Amino acid sequence: MILSAEHIWKYFEADNPTLEDISFTVEKGDRIGLVGVNGCGKTTLLNIITDKIGFDPTPGGDGAVSVARGCVIGYLEQNSGMSGDSPIETELYRPFAPLLREQAEMNALAEKMPTLSGIDLENATAEFARLSSHFEMNDGYLIDVKINTVMNGMGFAGLDRTRPVSSLSGGERTRLALVKLLLENPDLLILDEPTNHLDLPSTEWLEDYLRDYRGAVLVVSHNRYFLDKICTRIMELEDKKLTLYRGNYTDFTRQKKADIERREKLYEREQQKIRELQFFIDKNRASATSAKAAKSKQHMLDRIEENATEKPKMPKRPPKIRLEYDIEPPKEVFKMENCEISIGGKTLIPSLGFELRRGDKLGIVGPNGIGKSTVLKTMLGLNPHQNGRISWAMNVKTAYFDQKNEQLDPRSTVIEEVHRRYPRMTDGEIRTLLGGVLLTGENVFKPVGVISGGEKTKLSFALMMLKRGNVLILDEPTNHLDSMTCEVLEDALAEYTGTIVLVSHDRYLLNKIATRIMEISESGVRFFEGNYDLYAAKKDEEKNAAEEDRRIAEQQRLREVKQENKKNQYRTQKQRALDVRKKQEIKQAEERVAALEDEIKEIEEKIQQPEIAADYQKMSELCTRLDEAKKELNDEMERWLELSEE
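Residues numbered from 1 in each chain as written. Predicted model: local features only at pLDDT ≥ 70, side-chain atom pairs only at ≥ 80, totals over all residues. Heavy atoms only, no water.

Draft legend 1. Up close: the sheet that holds strand E12 (residues 361-365). Pairing is mixed in the open sheet, where six strands are placed in the order E14-E15-E16-E12-E17-E18. A strand with exactly one partner marks an edge of an open sheet, and here the two such strands are strand E14 (398-401) and strand E18 (524-529). Each neighbouring strand pair of the sheet contributes to a mean axis angle of 15 degrees, computed without reference to strand direction. Of the pairings in the sheet, the one linking E12 to strand E16 (residues 499-503) comprises four bridges and is parallel in character. Within the sheet, the bridge partner assigned to Ile-364 lies in E16 and is Val-503. The sheet strands contacting helix H14 (residues 453-467) are E14 and strand E15 (471-475), and the helix crosses E14 at an angle near 180 degrees. (Pairing = 2+ DSSP bridges. Helix = DSSP H or I, 4+ residues; strand = E, 2+ residues; numbered from the N terminus. Axes fitted to C-alpha atoms, helices over the stretch in contact; angles between N-to-C directions. Contact = heavy atoms within 4.5 Å.)

Draft legend 2. Highlighting the packing of helix H3 (residues 97-112) against helix H4 (residues 118-137). Look at H3 against H4: their axes get within 10 Å of each other, and the N-to-C directions meet at 150 degrees. Comparing the axis directions of H3 and H4 gives the class roughly antiparallel. Pair H3 / H4 crosses with left-handed handedness. Residues Leu-99, Glu-102, Gln-103, Glu-105, Met-106, Leu-109 and Ala-110 of H3 form the contact with H4, whose own contacting residues are Ala-124, Glu-127, Phe-128, Leu-131, Ser-132, His-134 and Phe-135. (Parallel < 35°, antiparallel > 145°, perpendicular 65-115°, else oblique. Left-handed = near helix turned anticlockwise from the far one by under 90°.)

Draft legend 3. Focus on the pattern of salt bridges. As enumerated under the stated definition, the model contains 46 salt bridges in all. Between Arg-254 and Asp-251 there is a salt bridge, and its shortest N-O distance comes to 2.6 Å. Linking Arg-254 with Asp-251, this pair stays in helix H9 (residues 249-284), spanning three residues, or about one helical turn. Beyond isolated ion pairs, a larger network of salt bridges with shared partners links Arg-322, Glu-324, Asp-326, Arg-468 and Glu-495. (Salt bridge = Lys/Arg side-chain N within 4 Å of Asp/Glu carboxyl O.)

Draft legend 4. Representation of the side chain of Ser-202 in the model. Secondary-structure assignment places Ser-202 in helix H7 (residues 200-211). Judged by its relative accessible area of 3%, Ser-202 is buried. A distance of 3.4 Å separates a polar side-chain atom of Ser-202 from the backbone oxygen of Gly-153. When sequence neighbours within four positions are dropped, the list of residues in contact with Ser-202 reads Gly-153, Met-154 and Gly-155. (Buried < 20%, exposed > 50% of the residue type's maximum accessible area, 1.4 Å probe, protein only. Polar contact = N/O pair within 3.5 Å; in protein donor to acceptor, adjacent residues only side chain to side chain.)

Draft legend 5. Spotlight on unusual backbone geometry. Residues other than glycine seldom take positive phi values, yet Asp-15 does so here, at roughly 65 degrees. One can find Asp-15 in the loop between strand E1 (3-13) and strand E2 (16-26). For Asp-139, which is not glycine, the phi torsion reads 60 degrees and is therefore positive. On the secondary structure map, Asp-139 appears in the loop between H4 and helix H5 (143-153).

Draft legend 6. The arrangement of the packing of aromatic side chains in detail. This model, assessed by the stated rule, comprises 15 aromatic pairs. Plain terms: the ring middles of Phe-135 and Tyr-141 are 4.8 Å apart, the flat faces sit at 90 degrees to each other, and that makes the pair edge-to-face. For Tyr-141, a relative accessible area of 51% gives the class exposed. Summarising the aromatic geometry, the rings of Phe-528 and Tyr-535 are spaced 5.1 Å apart at their centres and angled 75 degrees between planes, so their arrangement reads as edge-to-face. For Tyr-535, a relative accessible area of 9% gives the class buried. Through a chain of ring-to-ring contacts, three or more aromatic side chains come together here, namely Tyr-225, Tyr-508, Phe-528, Tyr-532 and Tyr-535. Directly above the ring of Tyr-508 sits Arg-224, whose terminal nitrogen or CZ lies 4.7 Å from the centroid. In this structure, Lys-297 packs its charged tip against the face of Phe-280, placed 5.5 Å from the ring centre. (Phe/Tyr/Trp six-rings, centres within 6.5 Å; stacked < 30°, edge-to-face > 60°. Lys NZ or Arg CZ within 6 Å of the ring centre and 35° of its normal.)

By themselves, these are just geometric observations and shouldn't be taken as functional.
Written out as structure tokens, the structure is:
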């Protein structure tokens, strides 16, 4: 056990707990997803177990948070980034400070030992051996490899590490904080919405990293693909209480639905039994011949009511998002021809051209900073383009969702923001609209600048509904939304018959909505027909083909090396004996290479089978073994080459 929380209560208002009798444990190797609607108390719970805030005592005084002796907890708070003017490189090496001190001591001893003799030399040699053993055992020689691996995985390849941390953007500082936390390698890694500032490649890299993480992981996320990939348990915080489920997010949704149905049936059966008993009692209480039976039924009724199943609570009301338009545009909606996409004098895409037809659903993917948002702004004329031509058809009315909400006035109240655009609407009409997206009560009188990111997103969608555009331009619309609202938005976009251009890292959304994918990368722009799953399958196919070409080329190189080595064999008796041993080792390596190649081929064939694809656990095991086998094959080929060169 790494961490245990027992009977945790938290009050921010008297007689109205935010958390009510919360208990759970975290075991070594756990991958736990903490889910719940916005504002349900997830971050509060994380702050309690990390001792940032306290919990409130229960009447029995039995509340407790216990952490195993020596356990290190690492916590990445939502939207929390690194700060300060120290160089990025300095921050990256901080997690390795003890090992770097050991390395400095080893270097000092190495310089000193040639001048020592006798007992002093023996002591120095012993100390050097001790330090060296500990340094190597803790991967001291791999510090730079670890830093480069995590930095590249999190999208920082090529970053000038002499820059001060303060020169990075807010999103970059959050990503850098995550990099540093991963390098610290805590026993329990707690992450609050870690994918908010990650592009798809970085998110996928983080999924792979966390699946193999040696410690435990507790993550809050609305990214359902992410939760499906890494989680083995789900904890749902709902109505102030915590419920535990085994499996990933998809398993959780299935189990929760079945549990609700079971409790509803049990409750209805009990209520029916109560009604029958009460009817019998009322009918026979006054009868002399049946009074005894009525009394017996009353005892039975009392026992049932005393232990009655609680009436299942109705699910929380989801927001209402309905996107409609009045004017049907022509079939050819939009055309961009040979436009240079640039910003601030920097060219992002030298030449871009594509068309949109009525009803198209285009998803745009690519790493952060590659120009996805700039493409949308260029389409809308918010960002000037160089060269080329952009044309929109007649009767096109665009509605734009900006991920940074720059079109909202932070000084206006929520209700004023709607009034400013639609002055003819009454307060009642506006409040009805806002209530539909769950902006209610005093929240509508708060300044836009102080409401949460999720509330700003809901306000933006309320404004989009009013605009009634027949072309939707959406830039990361699911950021800051809870899973329930994401699902409502997905349904609204799926029902929308107009044209959609969507930038998103939400793979569930891309998979459900997109009919075509535009991929922007350093090597250019490519288009793929189909949704995200088809795009990902095509990319995997290309990756596997490239790996196969590399493997074949490597085998050819190894054969050439082997032939060259044969020409240069030594002929002394001692060398011949050594050659015999080397040949045996080479033969063993060749046999191992062949066996691994056969195993890889067999696994790849299994993965293509429909019954395997439908079995998540089996698919996960096969994918893990496939990665291991490929690594072993690379290692064995390198060993074969080393033996051949020797």
